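Here is how the chains run, residue by residue.
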Amino acid sequence: MVERLKGFRDFYPEEQEIRSEIFATMKESCRQFGFKEIDAPSVESIELFANKSGMEIMNQMFSFKDKGGRDITLIPEFTPTLSRMVASRKDLVKPLKWFSVEKFWRYEEPQSGRLREFYQLNADILGSESFFADAEVISLGGYILKKLGVGDVTKLRVSSRILIDRLIERNLPGKRDEVYYILDRWSKLTEEEREAYATEKSLNMETIMSFVNGKILEGVSDPELDRLYKIRDYVISSVGMEVDIDLKIVRGIAYYTGCVFEASDREEKQRSILGGGRYDNVIAQLGGDQTPATGFAMGDAVLENILKANGLWTQRREIGVFVAPIDQAGRDYAVRAASVLRNLGLKVDLNVTDRGISKQLDYAAKMGYQYVVVLGENEARKQSISLKNMGTGSQTEVELEKAGELISLLK
RNA sequence: GCCGGGAUGGGGUAGCGGUGCAUCCUUGGGGACUGUGGAUCCCCGGACCCGGGUUCAAAUCCCGGUCCCGGCCCCA
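As a starting point, this report considers the structure included with it. (Residues numbered from 1 in each chain as written. Chains lettered and ligands numbered in written order. Predicted model: local features only at pLDDT ≥ 70, side-chain atom pairs only at ≥ 80, totals over all residues. Heavy atoms only, no water.)

We now examine the environment of alanine 301. Within the fold, alanine 301 resides in helix α12 (residues 300-309). Note: C-alpha distance between alanine 301 and lysine 230 (71 residues apart in sequence) is 31 Å. Ignoring any residue separated from it by four or fewer positions in sequence, one finds alanine 301 in contact with Gly113, Arg114 and Leu115. (Helix = DSSP H or I, 4+ residues; strand = E, 2+ residues; numbered from the N terminus. Contact = heavy atoms within 4.5 Å.)

Another point: the pattern of salt bridges. The final tally for this structure, using the stated rule, is 38 salt bridges. Note that lysine 90 is salt-bridged to aspartate 289, the shortest N-O span being 3.1 Å. Separated by 199 residues along the polypeptide, lysine 90 in the loop between α4 (79-87) and β5 (96-105) and aspartate 289 in the loop between α11 (282-285) and β11 (293-299) bring together distant segments of the chain. Residue classification places lysine 90 among the exposed residues on the basis of a relative accessible area of 61%. Taking the relative accessible area as the measure of exposure, aspartate 289 reaches 46% and is therefore partly exposed. Of the charged contacts in the structure, one is a salt bridge between arginine 114 and glutamate 108, with a shortest N-O distance of 3.7 Å. Overall, the relative accessible area of 11% leaves glutamate 108 in the buried class. (Salt bridge = Lys/Arg side-chain N within 4 Å of Asp/Glu carboxyl O. Buried < 20%, exposed > 50% of the residue type's maximum accessible area, 1.4 Å probe, protein only.)

Turning our eyes to something else, we now look at unusual backbone geometry. In this structure, proline 95 follows lysine 94 across a cis peptide bond, with omega equal to -5°. Checked against the element boundaries, proline 95 lands in the loop between α4 and β5. Of note in the backbone geometry, glutamate 268 takes a positive phi value of approximately 55° without being a glycine. Structurally, glutamate 268 is set in the loop between β9 (259-265) and β10 (274-278). In this structure, glutamine 383 is a non-glycine residue whose phi angle is positive, near 50°.

A few words on the sheet that holds β11. Pairing within the open sheet is mixed, and its 8 strands lie in the order β1-β5-β6-β11-β10-β9-β7-β8. The two strands at the open ends of the sheet, each matched to only one other strand, are β1 (36-37) and β8 (243-245). Of the strand pairs in this sheet, β9 and β10 are connected by 4 bridges, and their pairing is antiparallel. For valine 260, the partnering residue across the bridge sits in β10 and is glycine 277. Helix-sheet contacts for helix α6 (residues 161-171) involve β7 (154-160) and β9, and the interaxial angle to β7 is about 55°. (Pairing = 2+ DSSP bridges. Axes fitted to C-alpha atoms, helices over the stretch in contact; angles between N-to-C directions.)

So, in structure tokens, the structure goes:
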């Protein structure tokens, strides 16, 4: 048997239905915040990623030559595509608030929360440099987490590249990369490793600690810090989630220019569930007008881990009815009855086998149906349906024309 | 790319050099019954990841590969 490719997934119905609901929740939340959905190609010229994304991502792309010898790749991230879309339409009314849920591909070793093919929600606001834009985009992220039921077990952490850079220049001048490195990996490093790194790079451990615990902010007067406070307060009043200012959030991506943020489970056991920030220069770098931008991405893999860890990865009750004909008269009648029920807006699963009533009930139960419509000669003659409640076993007969009254029962 | 740990029917498992057809549970398919039986009864499928090697003998030991789980790098 041919095996599935490493790091790729099959989604069987029982999983896919849950996934669809989650994506629907994410999309609906975006719309509630006034974001518009967009979509874009899954394959792009490799050039699109060559400029901005740097060496690392180039090594992690599924890239190949097409039949015309062009170098193309499956998209590993969304920002370059988004930037192209914005750059090539000068008539767009700013600010733009766009979101998409797409598949992405990265050729790397699979591990917890990381796969070679994954889905990602991207939500961005383009054309506003105001803190409102950052705050609103972060609020959307928090809102989605709440809607998914994990608002109480996750937290938002915000920081700012500008602020961190200034603090570094003031306290550890010339050590930007080194400070970024140790802050970014802080929770992954052991006490000894931190000490060793600090010593090796001549970083004052006390100063590093003041970045880590936030003490370095005490008494600091800085407009970027004020901005960060405003963002934090806005998000707290907008979604009522825990929001911490945390200077350990630096995020490795080169292009962030201001506020950066992440959400993770409170214990930080998992990878971050979403991450993003302000990237004011990317669109200009890709040939567009200078356009301030802020946004985040949220992958499906870590989200799934967190939902499962909290018992929220559950299939909703199957809504709809299974139509089980008993005899030939019932089979003939079932076509019309099913049609009537479907036109009433019900989900109707009509038997497609030659099985008897017993096996049909068995099947309906296994498929999770709460109600079965049993049809036989009697029902056909009376133009009625017998509705069997699979939970209680009780059964009621109603006229087909009055089946609309059942809808409230079945929804 | 690197480092651990794994891999036995669809799912979960037992066996860990030779003992009767690789165990048990579950699941799947078919049939009997034919207005209630998601029941009952009967029948049938289905596995040692792949390739080498050691051995009289390999699911079992060794080597390589593949995939899975986790970690590193990196996190777009």
